Amino acid sequence: MDRSTGEIRVLKWACVEDSGRAMNPRIVHGQIAGSIAQGIGGAVYEHLVYDEVGNLITGTLLDYLMPTSAEVPELLIDHVEHPAANPLGVRGVGEGGTLGPNAYWPVR
């Protein structure tokens, strides 16, 4: 973070998820990359503003920046494959990308 301007710039992001059996590793990789972009957008670029009676007034993509490749840093993504206890051995992926950023950003 640039303390003189308040600008935040993420330089690199690492995420490892247990995808169970990855049926299509490229799709799994893309899901994780997209969820990281979504998480960074929610933590850094979205600002939820409510009116005096509690209605959300910043509820569309016209109200805040949606991250593009210019805002998303270099991503280091890896997979761990431990088959899940279901017939295909698969798991959902992407939660690490959306949950981590909001928990990470410190208020200074």
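Quantities reported herein were computed from a predicted structural model and do not represent experimental measurements.

**Here's the deal with the nonpolar core**
- By size, the foremost hydrophobic cluster in this structure holds 10 residues: Val-10, Trp-13, Cys-15, Ala-22, Val-28, Ile-32, Ile-36, Ile-40, Ile-77 and Val-93.
- Sorting the residues of this core by element identifies strand E1 (12-18) and helix H1 (25-45) as the ones contributing at least two each.
- The element contributing the most residues to this core is H1, with 4 residues.
- The contacts of Ala-22, once residues within four sequence positions are left out, are Val-28 and Glu-81.

**As for the pairing of E1**
- Where burial is concerned, the two faces of E1 differ: the one with Trp-13, Cys-15 and Glu-17 is buried and the one with Lys-12, Ala-14, Val-16 and Asp-18 is not.
- As defined by bridge partners, E1 adjoins strand E2 (residues 74-80) across 7 bridges and the pair is classed as parallel. Bridge pairing in E2 links Trp-13 to Leu-75.

**Section: H1**
- Between its first and last C-alpha, H1 extends 29 Å over 21 residues, near the 30 Å set by a 1.5 Å rise per residue.
- Every buried residue of H1 is listed here: Val-28, Ile-32, Ser-35, Ile-36, Ala-37, Gly-39, Ile-40 and Gly-41.

**A word on the side chain of Ser-19**
- For Ser-19, the location among the structural elements is in the loop between E1 and H1.
- On the basis of relative accessibility, which here comes to 2%, the residue Ser-19 falls in the buried class.
- Discounting chain neighbours no more than four positions away, the residues touching Ser-19 are Val-28, His-79, Val-80, Glu-81, Val-90, Arg-91 and Val-93.

**With respect to the confidence of the model for the protein chain**
- Per-residue confidence for the protein chain gives a mean pLDDT of 84; residues scoring 70 or more make up 91%.
- At the low end of the mean pLDDT range in the protein chain sits helix H2 (residues 95-104), at 67; at the high end sits E2, at 91.

Quick notes on the rules
Residues numbered from 1 in each chain as written. Predicted model: local features only at pLDDT ≥ 70, side-chain atom pairs only at ≥ 80, totals over all residues. Heavy atoms only, no water. Core = buried A, V, L, I, M, F, W, Y, C linked by side-chain atoms within 4.5 Å. Buried < 20%, exposed > 50% of the residue type's maximum accessible area, 1.4 Å probe, protein only. Helix = DSSP H or I, 4+ residues; strand = E, 2+ residues; numbered from the N terminus. Contact = heavy atoms within 4.5 Å. Pairing = 2+ DSSP bridges. Expected span 1.5 Å × (residues − 1). pLDDT = per-residue confidence, 0-100.

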